[in-house]
Amino acid sequence: MNEQTKFVEIRHAQKSYGDLEVLKDISLTVDRGQIVGIIGSSGSGKSTLLRAINDLDPLTGGEVWLDGVQVNKNLPYRKYEKHINEMRQQVGMVFQHFNLFPHMTARENVTMAPIMLKGLSKAEANKLAEEQLDEVGLLERIDYYPSQLSGGQKQRVAIARALAMKPKLMLFDEATSALDPELVEEVNLVMKKLAEKHMTMIIVTHEMDFASSVCDRVLFMDQGVVVEEGPPEVIFKNPKQKRTREFLRKHLAGAK
Amino acid sequence: MGLDFSILPKYMDVLLLGCLWTIGITVAAALLSFFVGIFFAVIALYAPWLIKQPFRLIEWVFMGTPLLLQLFLIYFGLVQIGIDLPAFVAGVIGLGLHFAVYNSELIQTAILAVDKGQMEAARTLGLSRGQALRKVVIPQAVRDVIPPIGNNMIALLKDSALVSVIGVSELTLSAQRMIGKTYRPFEFYLAAAALYYIINLSMEWVQRKIERRIAISR
Ligand SMILES: Nc1ncnc2c1ncn2[C@@H]1O[C@H](COP(=O)(O)OP(=O)(O)O)[C@@H](O)[C@H]1O
Ligand SMILES: [Mg+2]
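I will try to describe carefully the structure that is included in this document. This is a predicted model, so every value here is computed, not measured.

Rules and cut-offs
Residues numbered from 1 in each chain as written. Chains lettered and ligands numbered in written order. Predicted model: local features only at pLDDT ≥ 70, side-chain atom pairs only at ≥ 80, totals over all residues. Heavy atoms only, no water. Near = heavy atom within 4 Å. Polar contact = N/O pair within 3.5 Å; in protein donor to acceptor, adjacent residues only side chain to side chain. Areas by Shrake-Rupley, 256 points an atom, 1.4 Å probe, with all protein chains shown as cover. Helix = DSSP H or I, 4+ residues; strand = E, 2+ residues; numbered from the N terminus. Nonpolar A, V, L, I, M, F, W, Y, C, P; charged D, E, K, R; others polar. Pairing = 2+ DSSP bridges. Contact = heavy atoms within 4.5 Å. Buried area = accessible area lost by both parts, 1.4 Å probe. Salt bridge = Lys/Arg side-chain N within 4 Å of Asp/Glu carboxyl O. Phe/Tyr/Trp six-rings, centres within 6.5 Å; stacked < 30°, edge-to-face > 60°. Buried < 20%, exposed > 50% of the residue type's maximum accessible area, 1.4 Å probe, protein only. Lys NZ or Arg CZ within 6 Å of the ring centre and 35° of its normal.

**Observations concerning the site of ligand 1**
Residue and element names in this part refer to chain A.
- Neighbouring ligand 1 are the residues Y17, V22, S41, S42, G43, S44, G45, K46, S47 and T48.
- For ligand 1, an oxygen atom lies 3.2 Å from a polar atom in the backbone of S44.
- Take G45: an N or O atom from its main chain is 3.1 Å from an oxygen atom of ligand 1.
- Burial of ligand 1 by the surrounding chains reaches 59%, relative to a free accessible area of 570 Å².
- For the shell around ligand 1, the leading source of residues is helix α1 (residues 46–53), giving three residues.
- In terms of residue class, the shell around ligand 1 is built from two nonpolar, seven polar and one charged.

Rendered as structure tokens:
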């Protein structure tokens, strides 16, 4: 339907909470296999934009397209629910606070949705759980509950859970912000591995080093607009906008 | 006439049979109140307005009127409209629905207290709201209310004595019958009290075991 390259397309995204305009006419395209980083200070609308992509926070204006299909279609309630559940199966999401299901083991966290939504048999599901947890280096923790895992391990299980649905696109919302510093690297490594496999990813992050090593493109957001975007070398080393420079200066000062 | 507990062994079989009825009615009513409680909670939180109304009425009846009256209504009242329930079934339904209403209140609060991120994570995977409630939110809410529900179930055990009035030969009624024969109320009521206490302790033991088992998965 659409050209191959426009894999994710956001057209004139607008979002308001009452009088507060959180996203102001944002347009963005992401090609298949591309990795896009989003940076910006707290409250600039990064999460809202990311969550609009799988309609977790529906837009008040504009369109989101994924692989030639409009995500936020105008449909009657029931039809829309069916449509959006199908779309969401194709988009993995990783949250700052993991949001693992505490009453399920790592295995069950990973297999629950594939069993329910794709009708996997128990054996198939177990094989899938082993593969996905091995991929994030946690095969030996397969029968642990989240309460028995460290923050970094929880986040890796959360990534495995998202990947088990075989998504076309992965969204990361500050996946390492809630982690102790020594646990950040193990999660970053998993994300880098995904990058090497050419997973399409949109990554909201506070880690400039990570963003510059992984991302093909970086967006700087401020007050609901994309102020500047470009390759990481440009955004981090040689930004054109004053607001970008100020943000980076403050951020780097804060990191020290 | 002094106290003489030596007559108890002779009638112990009757008391123990009464115990079995009490345990049976308590377990059956507890299970009913648990599952119906979840059902009522889901209706109260998520059903459309029109569907909620009859359940509001049920809730009002079971919360606002004496349990004794409810039992009479179910056992004697329903006969008039052609529903003739065995006393045991009527007792289980009465006790079960009565406590279902209380459990529902607890479960509603617990459902609303489950972290919003749980529903979001489930929806993100592609589950519908109903699927997410069933697999993710409600199981967690239920885990959170095991202790207060356990307390309700012990209240249920004590209230199960009320079904004696519709003729279920549970522990209290068995004791009364033996008293009628022997004119020894103090001995038999004390024996019944001791047996209630033992059932009570076993229920607390089961509750602690469940709590310990789920501690890891919370
Ligand atoms: N549910 C909501 N109701 C009202 N305002 C909200 C809501 N969610 C987010 N906001 C506001 O939207 C703005 C952007 O939030 P967010 O996208 O979370 O920013 P970021 O992820 O960049 O920190 C903030 O000002 C925030 O207070
Ligand atoms: Mg955010």
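**With respect to the pairing of strand β4 (residues 61–66) of chain A**
All names here are of chain A.
- Taken together, the five bridges between strand β1 (residues 8–17) and β4 define a ladder with antiparallel strand orientation. Bridging from a neighbouring strand, V8 pairs with L66 of β4.
- Sheet analysis places β4 next to strand β5 (residues 69–70), joined by two bridges and oriented antiparallel. Counted as the bridge partner of L66 is V69 from β5.
- Once β4 ends, the chain turns through two residues before running back antiparallel as β5, passing D67 with a positive phi of about 50°.

**So, the interface of chain B and chain A**
- Facing 22 residues of chain B, the contacting portion of chain A comprises 27 residues.
- Interface area for chain B against chain A, summed over the two sides, is near 2,100 Å², with a carbon-plus-sulfur share of 61%.
- Three residues, T124, L125 and I216 of chain B, lead the burial of chain B against chain A; their summed loss comes to 31% of the area buried on that side.
- The tally of links between chain B and chain A comes to two salt bridges.
- Seen at the junction of chain B and chain A, the total is seven residue pairs in polar contact (both at pLDDT 80 or more).
- Contributing elements (two or more residues each) for the side of chain B that touches chain A: α5 (116–125) and α6 (129–144) of chain B.

**Quick look at the sheet that holds β4 of chain A**
- Spatial strand order, β2-β1-β4-β5 (chain A): four strands in an open sheet with antiparallel pairing. What marks the edges here is a single partner per strand, and that holds for β2 (20–30) and β5 of chain A.

**Focus on the packing of aromatic side chains**
- Per the stated rule, a full pass over the model turns up ten aromatic pairs over all chains.
- Considering the side-chain rings of W21 of chain B and F88 of chain B, the 5.4 Å spacing of their centres and the 65° angle between planes classify their relative orientation as edge-to-face. With W21 of chain B in helix α1 (residues 8–46) and F88 of chain B in helix α4 (residues 87–113), this residue pair connects regions lying 67 residues apart in the sequence.
- Geometrically, the ring pair formed by F34 of chain B and F35 of chain B is edge-to-face, given 5.0 Å between the ring centres and 80° between the ring planes.
- F35 of chain B sits in the exposed class, given a relative accessible area of 54%.
- By the ring-pair criterion, three or more aromatic residues cluster together here, those being F39, F40 and F55 of chain B.
- We note R161 of chain A situated over the ring of F101 of chain A; from NZ or CZ to the ring centre the distance is 4.4 Å.

**Focus on the pattern of salt bridges**
Residues and elements named next belong to chain A.
- Under the definition given, this model contains 18 salt bridges over all chains.
- For R51, the salt bridge is made with D57, and the minimal N-O distance between the two is 2.8 Å. In this structure, R51 and D57 share a single accessibility class: buried.
- A salt bridge links R156 to E186; the nearest nitrogen and oxygen atoms lie 2.4 Å apart. Here the residue R156 occupies a position in helix α5 (residues 151–163), and E186 occupies one in helix α6 (residues 181–196), the gap between them amounting to 30 residues.
- What makes E186 partly exposed here is its relative accessible area of 22%.
- What emerges from the salt-bridge pattern is a single network uniting K6, E9, R11 and E63.

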